[in-house]
Amino acid sequence: MICIEKRVFFALAAGFFTLSFSCASNKEVAKASPDRTVQTSAPQKAEQVPPAPAKEDPPVSPEVQFAQNVSNNLQSGNMEQALALFDNMPAGSEKDSDLQTLKASLLLSMGKGAEAEVLAKELLETNPDDVDILGLNVMVAKQKGDAKTKSALLKKIITIDPKNADANLELGDEQALRHNYRMASKYYKTAVDSEPTNTGALFSYGKMSYYLEKDSDAKEMFERILAINPDDAQALAYLGKLEGEAKRYRNAKEYIDRALKVEPHNAEFYLDLGTYSRYLGDYKGAESAWENAVKYDPDYFLGYAYLAGLYDEQNNFDKALEYYRKVIEKNPQYYYAYESLGMFAWHKENWAEARNAFSRALQKNPGNVSYVLMIAATYWKEKKIPDLKKFTETAMKGMDRSGLEYAVVRMYHDMGGDIGVLQRISAEQNRTKRGKFLYYAAVYFELKNNNSIAQKYYTEVVGMQSPMFFEYRLAEWSISNGSN
């Protein structure tokens, strides 16, 4: 068997692996030493000793040369050429399990899964307890999506080698995907204990500790990674997160700045940079960071959400509306944005867009009477009275007829009967609830073209100085505009 020290990493499915070749001759060449002459009398002329012949390196065997050629091609990134070398292997080495494992690994990494599977199974039949070959078959199963076979192979590896770092990492990943973070953490910890300098294991255990709020463990793991590689961007980013959550935003920003020097196009890092900048009061810096986040990952919604919130906070209505639209476009399931989109569309008098947004919000929170009333108001704004009545009639079916919510929706449905309802709103003891319904009373009177009473109620809402409900903001806008 060729003298090869190999390790087939479980990251093979992503097309990355590391191999090291180390061979030594079977015997050492002894060093010749010149004879010593003992002087017993007068000195004599020393005998001339001819210089020792130069030592020649032992000839390199074809097998070792083959392995070295494969290694050279891998190191230069020429995987196709490395694989082609296997077509002309040295005689007698075709059955070498190390080389065949390497070949199967290459096939798998290059997307030739079917060929890799055939070879991997053949190797496993003749080497059923070889951990590297078992690991190779794990990756074949993983690439095929064969979870059952993969789990069985991993269990066998753990039975043979309970502390096997790669197997424990893979098992940890399985548990993490199931959101079983405590079990994942145990597997990752075993991998770390087995290989204390394995940065993959250190990062996985650190990240899981971060999720489990074991901040001291997380910090230790990320710092250990930096001791090995000071430019590890992910470790730097997570140390930034830990500092940010401790409200040490300047330290957090320093970490994420370092991470961005390593990975200047990482959108997630820009999301964090924007957050730290925002908390430091650097609004322009936050805006720039989040603009970079959407630049480098234009299909991810969160950067747009942060920008929308920033413009929302600054009362930049046009920009806020633009970016809330982007949030919904990129992630229609992000229902938190629908309320804000509805608000800004309402402010722009885009009644249909506002209604659609509040309708989507209502689907996610069907018990929210605010959304019902906003939808009803948009129909009224567009003078679509039959649609208004049909909608409110359906909405009232599920309501408690004795409740204030029902009474206010009924007022919109009937477009009248407001005197008794207003008395009930004024008598409401819950401050937030009273504020909400005072706003809808104001909208109701505005829709009936009684702007003086409408402004009276808008002013009463704003005077509460208790912005715990989104209608407070709408009332502020109505006051500033003189009417909504």
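Cut-offs and rules
- Residue indices follow the written sequence of each chain, beginning from 1 at its first position.
- In keeping with the predicted nature of the model, local features appear solely for residues at pLDDT of at least 70, side-chain atom pairs appear and are counted solely at 80 or more, and the whole-chain, interface and lining totals rest on all residues.
- Processing note: side-chain calculations cover all non-hydrogen atoms of the structure and skip hydrogens and water entirely.
- Labels follow the DSSP assignment, with helices taken as runs of H or I lasting at least four residues and strands as runs of E lasting at least two, numbered in each case from the N terminus.
- Note on exposure labels: buried denotes an accessible area under 20% of the residue type's maximum, exposed denotes more than 50%, and partly exposed covers the range between, all computed with a 1.4 Å probe on protein chains only.
- What makes two residues a contact is simply this: any of their non-hydrogen atoms within 4.5 Å.
- Values of accessible area rely on a 1.4 Å probe in the Shrake-Rupley scheme; residue burial ignores everything except the protein chains shown.
- To define a nonpolar core, start from buried Ala, Val, Leu, Ile, Met, Phe, Trp, Tyr and Cys residues and group those joined through side-chain atoms within 4.5 Å.
- Fitting a line to C-alpha atoms yields each axis, with helices limited to the stretch in contact; the angle taken between N-to-C directions then spans 0 to 180 degrees.
- The hand of a helix crossing depends on one turn: near helix anticlockwise from the far one by less than a right angle means left-handed, and clockwise means right-handed.
- Values of pLDDT, which run from 0 to 100, indicate the predictor's confidence residue by residue.
- To sort the angles, those under 35 degrees are grouped as roughly parallel, those over 145 as roughly antiparallel, those from 65 to 115 as roughly perpendicular, and the leftovers as oblique.
- Residue type decides the class: Asp, Glu, Lys and Arg count as charged, Ala, Val, Leu, Ile, Met, Phe, Trp, Tyr, Cys and Pro as nonpolar, and the leftover types, Gly among them, as polar.
- Salt bridge, as used here, is a side-chain nitrogen of Lys or Arg placed within 4 Å of a carboxyl oxygen of Asp or Glu.

Caption draft 1: Representation of the overall build of the protein chain in the model. The secondary structure content of the protein chain amounts to 25 helices and 0 strands. Counting across all 484 residues of the protein chain, residues that qualify as buried make up 45%. Counting contacts in the protein chain only where the partners sit at least 6 residues apart, residues at least 24 apart contribute 49% of the total. Summing over all exposed atoms, the protein chain offers an accessible surface of approximately 26400 Å²; the carbon and sulfur share of this is 49%.

Caption draft 2: Inspection of the nonpolar core at higher detail. Core analysis: the largest hydrophobic core is formed by 112 residues, its most contacted members being Phe222, Trp346, Val408, Tyr412, Ile425, Tyr439 and Tyr440. Leu99, Leu124, Leu153 and Leu154 belong to the second-largest nonpolar core, a separate cluster that totals 30 residues.

Caption draft 3: Region of interest: the packing of helix 4 (residues 113-126) against helix 5 (residues 131-144). Packing of helix 4 against helix 5 leaves a shortest axis separation of 9 Å and a crossing angle of 145°. Considering how the two elements wind past one another, helix 4 and helix 5 form a crossing that is left-handed. For the pair formed by helix 4 and helix 5, the contact residues are Gly113, Ala116, Glu117, Ala120, Lys121, Leu123 and Leu124 on the first element and Ile133, Leu134, Leu136, Asn137, Val140, Gln143 and Lys144 on the second.

Caption draft 4: Region of interest: the confidence of the model for the protein chain. Per-chain confidence: the protein chain averages 87 in pLDDT, with 87% of residues scoring 70 or above. Confidence over residues 1-46 falls short of pLDDT 50; this stretch has 69 contacts with residues more than four positions distant or in other chains.

Caption draft 5: Region of the structure containing the packing of helix 13 (residues 267-279) against helix 14 (residues 283-296). Two elements in contact, helix 13 and helix 14, have axes separated by 8 Å at closest approach and are oriented at 165°. Judged on the interaxial angle alone, helix 14 and helix 13 are roughly antiparallel. Classified by chirality, the crossing of helix 14 by helix 13 is left-handed. For the pair helix 13 and helix 14, the contacting residues are Ala267, Tyr270, Leu271, Leu273, Gly274, Thr275, Ser277 and Arg278 in the first and Tyr283, Gly285, Ala286, Ala289, Trp290, Asn292, Ala293 and Tyr296 in the second. For the contact of helix 13 with helix 14, the class distribution of residues is 10 nonpolar, 5 polar and 1 charged.

Caption draft 6: Broad picture of the pattern of salt bridges. Within this structure, the stated rule accounts for 26 salt bridges. For Lys150, the salt bridge is made with Glu174, and the minimal N-O distance between the two is 3.0 Å. Within this pair, whereas Lys150 is found in helix 6 (residues 147-160), its partner Glu174 is found in helix 7 (residues 165-177), the two being separated by 24 residues in sequence. Just as Lys150 is buried, Glu174 falls in that class too. Through salt bridges with shared partners, one network takes in Lys142, Lys150, Glu170 and Glu174.

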